[in-house]
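# Architecture and fold: a report
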Amino acid sequence: MHDDRSLVESRLKRVLAERIRPAVYPESVPLEVGIWTAPDEPVPVAEGIAAPRTPIAAGQRWGAPWGTSWLTVSGTVPKEWAGRTVEALIDLGFDANMPGFQCEGLVYRPDGTPVKGLNPRNQWVRIAAPAVGGEEVLLHVEAASNPVVLDYHPFLPTKLGEKETAGNEPQYRLERIDLAVLDETVWQLVIDLEVLGELMAELPVDGARRWDVLRAVERALDAIDLQDVNATAAAAREQLAGVLATPAEPSAHRISAVGHAHIDSAWLWPLRETVRKVARTTANMTALLEDEPDFVYTMSQAQQYAWIKEHRPEVYARVKKAVADGRFVPAGGMWVESDTNMPGSEAMARQFVHGKRFFLDEFGIENEEAWLPDTFGFAGGLPQIIKAAGSKWLLTQKISWSQVNKFPHHTFWWEGIDGTRIFTHFPPVDTYNCSMDGREIAHAARNFKDKGVASHSIAPTGWGDGGGGTTREMVAKAARLRDLEGSARVRWERPAEFFAKAQAEYPNPPVWVGELYLELHRATLTSQARTKQGNRAAENLLREAELWAATAAVRAGLPYPYQELDRIWKTVLLHQFHDILPGSSIAWVHREAERTYAAVAAELTGIVERAQRALAGDPAAGRELVFNSAPHERGGVPAGGGRMVGESSGGCTVTARPEGGYRLDNGLLRVEVDGQGLVVSVLDLAAGRETVAPGAAANLLQIHPDFPNMWDAWDVDQFYRNTVTDLTGVEELVVSADSPAAVSIRVSRAFGASRAVQTIGLTAGAKRVELGTEVDWHETEKFLKAAFPLDLHTERYAAETQFGHLYRPTHTNTSWEAARFESCNHRFLHLAEPGWGVALVTASTYGHDVTRTVREQDHGTTTTVRFSLLRAPRFPDPHTDQGAHSFRHALVPGAEIGDAVREGYLINLPERRVPGDAEVRPLVEVDHEAVTVSAVKLADDGSGDVVVRLYESMGGRAEAVIAAGFAFAGVQVCDLLERQLPECQAAVTEQGVRLRLRPFELVTLRFVRD
Ligand SMILES: [Zn+2]
């Protein structure tokens, strides 16, 4: 037989597009439309419904960027439509390809109750089925004219990302607002033909099934009268029934579909718009759940539930009912789908605490899966945190975005830095926005790497990023794919059902150890520096606030600020969302984030100061108290305590060097700064060891061109390193030696349109070089780094992550290492040869790189660490990072890993001085240097119990006594949610509790108070 595939396939495409799809709504009449545009920000629903309307017709323009318009649509169902299915069709001017990235609407009844959301793939509102004729139609639409920031011209700088610069030009043209008859038979025929056409294209040409489907499609097309599709659709469907009824092969891949809308909590829209996006999508999804009995929908991010609860209580009531029915499934158990590289230990833990607690309190549900489809890489500390929160599974698909290396598994054990393993699944469909297209289903089955030992994968199904969710068309397709020859089998299932089946059939999958590094979006560790520093400062202040408020509550009876801390934690957790903290949102989001962080810092500082005043005794005594919130003693002040400290003794000198520049010396370190203000030598005097590589200079600012091929705020491409300029020009070199306790050099530089002031300082008694960098940044598409070429030979270095650190190679032997050219650290990096090492610590940055070279003159190895300070991408925020910035780092020669941990805390938690005369004993004291206190707080349940979280921080074993400086009735070992773990018994002693910890083990203790 002749091969006529392309003829039939082309015929199917044209007939579907030009005849069958248009026949879905064979009759329609226009509705009357009136419009009112809110003068500025969105208004309450009652106000929007009551506002006066002016008439508008299809074809007219509407909607300035970020505006809100209220439409009223009204009309009457024609008498002759009695018995038919009638829908309103509302096309606000949609582009079918971009649900969630353009205008959207939410439809309300006249009484203000929401009906459903409107987006390009959901333009219908059911009016009557069947109609009696003569029904009056009156609906209101809250239409958001969100501008298209990404897509038509991807990654070009745009002013649309900020309301003040976006202008007033109407963005959309009202298309169709009609009342129409839905022909359900034609609608079903469209789905039949789409499913079969898409399946056919994926089937092998030499297999019979492909030809069976092709011939059936051809017979169906022959059965259609192109001049009267509606009359002949049923006959066409009959021709397809046979090929739709043949069952899947026994070995067919099994896909657990779960309805989903990935909704970015902010991104190319501000937070306030996400509140409405969530309401639109959940209104649609609860409506779809009512219409489709097999369908299951899942939504993550407790914050989004909290938004609906507060802003759209009617929608929330529908959600609550659907959750109770087991159809609407809260997923993930985190406050938001956060970044996981940058959040500190406690913040990462609290994402789960607040997420899980919300689901428990609101729905009585405890999630066992972490749900992070879109996050940009996964830190090695995460498995232990997931487990300590009481969960055991993880889902993400993002690693499929890696540029170079293909991840070898789809289902595997992921082992973190402490040895905790989490059963992890990457959906082989390679998207969190599956649309039940045959191409996606076939890709999932083909791509699945664990064939032969496993047969299950999951497919989050529905329009995402900007919301939208699952459509009735997707549900109809899934029904046909339930058991269809040539296709994977598709079932609607809850994530937990999938994980249980996947783990049961594959109990011993392969193991991946260490971080799940995403070979893409590496610049998200640096972009929007002020947002990142706001997060860092908030995390540090939250530690202080909890510690001192708990101490003041126990010691001085000061009320503990439960509500304030709960609210502030949730704000900080929200801003760790995977497009806010990473710096990949529009200008509006980052401007708001900076303001929010400033308010958070002020409020937390107030809590700290109130608590410290309550503890410090008489402020008029003429004495001063030093408070130390770090987990290590500092200058004679115990960790978590306050002590009166006298004058510190001097011990620093600064002298001019004959060849130019200065020499700083504090008896521990001798630092040489040359005439260009570069650190050319840092001598560890006790070890007699030079830190800086011969012929090189440390604290060297370097600038690169930085114009990635796409995703400007997200990506730095490897070729950025091909061009580099050392910033060695010096305008001014000034000594500051007011007190012998501290000396410093101040170096001013100008480069491009920018300026930098670097300070290099020593403090008496401290074996660290303190480095400050102020930058007034006015560059375009540049990357600024601070380089530290060290005279050090090592295969690997340590970088801090949550509750410990991980090692990364300093070389690029394999493509995996070569692709990891920009990485994350928290407070410290540590590099060592046996017997001597160096720590680099930061209070300001996350991104860094480490490279190695061999010197010609002495064959020694130079290992260069570079902190990433600033970038200047122009999309999505055209002015990213312009203006003033301040960074603090320190170089610590002769540091062991424990010194790195300690110095990392110290630089982030400066001491506070308060007038007073009462020494403050710490609430808890630990007798082992590797056992590090991560949090001291009162229990969230308001019982007054003291909760202490600690971890082994050096990667070894430790046995320690945790002594409590207050009376207690007992000690419980708890999970992160402060619930007792019955299997863990604390060895309670008179002073406190004795613990034996594994490397990097984290433990939460609850001291039950009388
Ligand atoms: Zn996302």
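If you look the protein chain up in an unreviewed UniProt entry, it shows as Glycoside hydrolase family 38 C-terminal domain-containing protein from Kitasatospora sp. CMC57. One UniProt comment on the protein chain, placed under Sequence similarities (unreviewed entry), says "Belongs to the glycosyl hydrolase 38 family."

On to the pattern of salt bridges, then. This structure, assessed with the given rule, holds 84 salt bridges. Between Lys 398 and Asp 374 there is a salt bridge whose closest N-O contact spans 2.6 Å. Residue Lys 398 is found in the loop between β17 (393–395) and β18 (411–415), and its partner Asp 374 is found in the loop between β16 (369–371) and α10 (382–388); the two are separated by 24 residues along the sequence. The same class applies to Lys 398 and to Asp 374, which are both buried. One salt bridge connects Glu 959 with Arg 994, and the closest N-O pair in it is separated by 3.7 Å. Within this pair, whereas Glu 959 is found in strand β49 (residues 958–964), its partner Arg 994 is found in strand β52 (residues 992–997), the two being separated by 35 residues in sequence. Look at Arg 994 and you get partly exposed, because its relative accessible area is 42%. Salt bridges sharing partners connect three or more residues here, namely Asp 40, Glu 41, Glu 104, Glu 142, Lys 163, Arg 272, Glu 273, Arg 276, Lys 277, Arg 280 and Arg 312.

This next bit is on the state of the cysteines. What makes a disulfide is a covalent bond joining the sulfur atoms belonging to two cysteines. Taken as a whole and assessed by the stated rule, the structure comprises zero disulfides. This cysteine, Cys 984, is not joined by any disulfide, and Cys 974 carries the nearest cysteine sulfur, 9.6 Å off. For Cys 984, a relative accessible area of 28% gives the class partly exposed.

Donor atoms from the polypeptide that bind the zinc ion are His 262 (NE2), Asp 264 (OD), Asp 374 (OD) and His 578 (NE2), placed at 2.0 to 2.1 Å. Geometry at the zinc ion is irregular, judged from its four donor atoms and the angles of 91 to 160 degrees they form at the metal. Between consecutive donors of the zinc ion, the numbers of intervening residues give the motif H-x1-D-x109-D-x203-H. Overall, Asp 264 belongs to the buried group, its relative accessible area being 1%.

The subject of this paragraph is the side chain of Arg 312. By secondary structure assignment, the location of Arg 312 is in the loop between α7 (302–311) and α8 (313–324). Owing to a relative accessible area of 12%, Arg 312 belongs among the buried residues under this scheme. There is a polar contact of 3.0 Å between the side chain of Arg 312 and the side chain of Tyr 108. When neighbours within four sequence positions are excluded, Arg 312 is seen to be in contact with Val 45, Leu 106, Tyr 108, Glu 142, Arg 276, Ala 279 and Trp 307.

A few words on the UniProt feature "domain: Glycoside hydrolase family 38 central" (unreviewed entry) in the protein chain. Per the UniProt record, "domain: Glycoside hydrolase family 38 central" (unreviewed entry) is found at residues 519–597. Secondary structure content for residues 519–597 is 66% helix and 0% strand, while the C-alpha to C-alpha distance between its ends is 30 Å.

Turning next to the sheet that holds strand β50 (residues 970–974). The antiparallel open sheet is built from four strands, whose spatial order is β47-β48-β53-β50. The open sheet has two edge strands with one neighbour each: β47 (931–938) and β50. The sheet shows a mean angle of 25 degrees between the axes of neighbouring strands, taken without regard to direction. Across five bridges, β50 lies against strand β53 (residues 1002–1008) in antiparallel orientation. The residue of β53 that forms the bridge with Gly 970 is Val 1008. Helix α9 (residues 345–363) rests against β47 and β48 (946–952) of the sheet, and its axis sits at about 50 degrees to β47.

Another point: the pairing of strand β12 (residues 177–182). Most of β12 sits out of view: six of its six residues are buried. Across the two faces of β12 the burial is the same, with Ile 177, Leu 179 and Val 181 and Asp 178, Ala 180 and Leu 182 all buried. Looking at chain direction, strand β1 (residues 27–30) and β12 are connected through four bridges and run antiparallel. Residue pairing for β12: Glu 27 is matched across the bridge by Val 181. Where strand β6 (residues 85–90) meets β12, six bridges bridge the pair, whose relative direction is antiparallel. Its bridge partner lying in β12, Thr 85 is registered against Leu 182.

Summed over the entire model, instances satisfying the criterion amount to 40 aromatic pairs. Ring geometry for Phe 295 versus Tyr 297: centroids 6.4 Å apart, planes at 50 degrees, classification tilted. Taking the relative accessible area as the measure of exposure, Tyr 297 reaches 0% and is therefore buried. Between Phe 407 and Phe 426, the ring centres sit 4.9 Å apart and the planes meet at 50 degrees, which makes this aromatic pair tilted. In this pair, Phe 407 is assigned in the loop between β17 and β18 and Phe 426 in the loop between β19 (421–425) and α11 (438–447), connecting sequence segments 19 residues apart. Its end group placed over the ring of Trp 124, Lys 116 keeps NZ or CZ at 4.0 Å from the ring centre. Lying over the aromatic face of Trp 269, Lys 277 brings its terminal NZ or CZ to 4.1 Å of the ring centre.

Let us now look at the sheet that holds β16. The strand order across the open sheet formed by five strands is β16-β17-β19-β18-β22, and the pairing between neighbours is mixed. Every other strand in the sheet has two partners, leaving β16 and β22 (511–513) as the edge strands with one partner each. Neighbouring strand axes in the sheet, compared pairwise and without regard to direction, differ in orientation by 30 degrees on average. Note that β18 and β19 share five bridges and pair antiparallel. Each bridged residue has a counterpart across the sheet, and for Trp 413 the counterpart in β19 is Phe 423. Strands β16, β17, β18 and β19 of the sheet are contacted by helix α13 (residues 495–505), whose axis makes an angle of about 110 degrees with β17.

Bringing the nonpolar core into the picture now. Ile 20 and Phe 1007 are the most contacted members of the largest nonpolar core, which totals 248 residues. No other element matches helix α14 (residues 529–556), which puts 11 residues into this core. Once residues within four sequence positions are removed from consideration, Phe 1007 is found in contact with Asp 945, Val 946, Val 948, Ile 962, Ala 964, Phe 966, Phe 968, Gly 970, Val 971, Gly 992 and Val 993.

Taken N-terminus to C-terminus, the directions of helix α15 (residues 562–574) and helix α16 (residues 587–615) make an angle of 150 degrees; their axes are 11 Å apart at the nearest point. By the angle between their directions, the pair α15 and α16 is classed as roughly antiparallel. In the crossing of α15 with α16, the sense of the turn from one axis to the other is left-handed. Contacts from Glu 564, Leu 565, Arg 567, Ile 568, Thr 571 and Val 572 in α15 reach Thr 596, Val 600, Glu 603, Leu 604 and Ile 607 in α16. The class makeup of the residues in the contact of α15 with α16 is six nonpolar, two polar and three charged.

Moving on to helix α12 (residues 472–480). Most of α12 sits out of view: seven of its nine residues are buried. Here α12 has its buried residues at Arg 472, Met 474, Val 475, Ala 476, Lys 477, Ala 478 and Arg 480.

Residue placement: Glu 366 occurs in the loop between α9 and β16. Between the C-alpha atoms of Glu 366 and Val 743, which are 377 residues apart in sequence, the distance is 55 Å. Among all residues touching Glu 366, those that are not within four sequence positions of it are Lys 356, Leu 360, Ala 389, Gly 390 and Arg 979. For Glu 366, the side chain forms a polar contact with the side chain of Lys 356, separated by 2.9 Å. Within the structure, the side chain of Glu 366 is placed 2.7 Å from the side chain of Arg 979, a separation counted as a polar contact.

Rules of the game
Residues numbered from 1 in each chain as written. Predicted model: local features only at pLDDT ≥ 70, side-chain atom pairs only at ≥ 80, totals over all residues. Heavy atoms only, no water. UniProt positions renumbered as here; feature names shortened; annotations may be inferred. Salt bridge = Lys/Arg side-chain N within 4 Å of Asp/Glu carboxyl O. Helix = DSSP H or I, 4+ residues; strand = E, 2+ residues; numbered from the N terminus. Buried < 20%, exposed > 50% of the residue type's maximum accessible area, 1.4 Å probe, protein only. Disulfide = S-S within 2.5 Å. Donors = N, O, S within 2.8 Å, 3.2 Å for Na, K, Ca; no water. Tetrahedral: all angles 85-135°; square planar, octahedral: opposite > 155°, others 65-115°. Polar contact = N/O pair within 3.5 Å; in protein donor to acceptor, adjacent residues only side chain to side chain. Contact = heavy atoms within 4.5 Å. Pairing = 2+ DSSP bridges. Axes fitted to C-alpha atoms, helices over the stretch in contact; angles between N-to-C directions. Phe/Tyr/Trp six-rings, centres within 6.5 Å; stacked < 30°, edge-to-face > 60°. Lys NZ or Arg CZ within 6 Å of the ring centre and 35° of its normal. Core = buried A, V, L, I, M, F, W, Y, C linked by side-chain atoms within 4.5 Å. Parallel < 35°, antiparallel > 145°, perpendicular 65-115°, else oblique. Left-handed = near helix turned anticlockwise from the far one by under 90°. Nonpolar A, V, L, I, M, F, W, Y, C, P; charged D, E, K, R; others polar.

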